[in-house]
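Chains, contacts and geometry: an overview
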Amino acid sequence: MDLSELVVGEFNGPLKGSDRAVLLAPSAGTGRDAPVLVAVADYLAQLGIPSLRFDYPYRVAGRRIPDQPAVLEATTRAAALELSQKTGLGPERLVLGGRSMGGRYASMLVGSTVDPWLALGLLLLSYPLHPAGKPEKLRDAHFSTISVPVLCISGTRDALAPRLALETASKKFSGPKSIHWLDTADHSYKPLKRSGISPEEVVAEVALVAGNWVANLPNS
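We now turn to the structure provided with this report. (Residues numbered from 1 in each chain as written. Predicted model: local features only at pLDDT ≥ 70, side-chain atom pairs only at ≥ 80, totals over all residues. Heavy atoms only, no water.)

Regarding the sheet that holds strand β6 (residues 150–155)
Reading across the sheet, the 7 strands line up as β1-β3-β2-β4-β5-β6-β7 and stay open at both edges, with mixed pairing between neighbours. Of all strands in the sheet, those bounded by a partner on one side alone are β1 (8–12) and β7 (177–182). Ignoring which end each strand starts from, the neighbouring axes of this sheet average 15° apart. Bridge count between strand β4 (residues 94–99) and strand β5 (residues 121–125): 5 bridges; the pairing is parallel. When the sheet's bridge partners are listed, G97 is paired in β5 with L123. Each of β1, β2 (21–25), β3 (51–55) and β4 is contacted by helix α3 (residues 69–87), which is oriented at about 145° to β3, the strand it contacts most. (Pairing = 2+ DSSP bridges. Helix = DSSP H or I, 4+ residues; strand = E, 2+ residues; numbered from the N terminus. Axes fitted to C-alpha atoms, helices over the stretch in contact; angles between N-to-C directions. Contact = heavy atoms within 4.5 Å.)

Some words on unusual backbone geometry
Positive phi outside glycine occurs at S100, with the angle close to 50°. Tracing the backbone shows S100 in the loop between β4 and α4 (101–110). The backbone of Y189 shows a phi angle near 70°, a positive value even though the residue is not glycine. Relative to the assigned elements, Y189 resides in the loop between β7 and α6 (199–215). Overall, Y189 belongs to the buried group, its relative accessible area being 2%. (Buried < 20%, exposed > 50% of the residue type's maximum accessible area, 1.4 Å probe, protein only.)

Looking at the environment of C152
As for its position among the elements, C152 is in strand β6. The buried category is assigned to C152, whose relative accessible area is 2%. Sequence separation of C152 and G103 is 49 residues, and the distance between their C-alpha atoms is 9.6 Å. Other than its neighbours up to four places away in sequence, C152 contacts L124, L166, S178, I179 and H180.

A closer look at the environment of D186
Among the structural elements, D186 can be located in the loop between β7 and α6. Residue contacts for D186: discarding those within four places in its chain leaves G155, R157 and D158. Within the structure, D186 has its side chain in polar contact with the backbone nitrogen of S188 (distance 2.9 Å). (Polar contact = N/O pair within 3.5 Å; in protein donor to acceptor, adjacent residues only side chain to side chain.)

Here's the deal with the pattern of salt bridges
Scanning all chains against the criterion turns up 10 salt bridges. Note that D19 is salt-bridged to R93, the shortest N-O span being 3.7 Å. Taken together, the positions of D19 in the loop between β1 and β2 and R93 in the loop between α3 and β4 put the pair 74 residues apart, joining distant regions of the chain. Given the relative accessible area of 36%, D19 is considered partly exposed. A salt bridge links D33 to R53; the shortest N-O distance between them is 3.2 Å. Remark: R53 occurs in strand β3 and D33 occurs in the loop between β2 and α1 (35–46); sequence separation between them is 20 residues. One network of salt bridges, with partners in common, ties together E10, R32, D33, R53 and D55. (Salt bridge = Lys/Arg side-chain N within 4 Å of Asp/Glu carboxyl O.)

Structure (structure tokens):
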């Protein structure tokens, strides 16, 4: 099968003229139209930076259970190749990323020891550091092989990536890294009511921080 057949997605922004582009992979429970992915893509478009949001095959088929890891990884790679071909940019000009599961598979693509994607950067929105209720099963074994710039945007109440655990795990990245914390937000970026911050404001903050970080990444 042609890998491009796996990709059902939507491009934002000008496909030509930019020196970088961004892949935005979805979480397990949402698709390419998740508000935070749309907001990030829209802001990137305002900056003149193209992006591709896509759905995994199980989502396209109307299933709730995610595909097998090999399919998720192959689809993420296929989407990155599609973005590279459409924009005419080499792999090293792409920022790979996404929310939760999508970000995890983007990071696995960049951190692969077999066929790594030499990206411009890695954008992790609500990275799922461990499965729900299993803090001992950390998903950071591949972090040490990632040398590109990394930005994590996580909520301070994210049960799948507690602050101390994520800060400790991020030390394994060998390149520049930073974590932007969203006050009282959980894994879904939902803040506490007492914070006085609306979910829409959190999404806008994510888009602003992510877009500006991408725009300011060095060319090499």
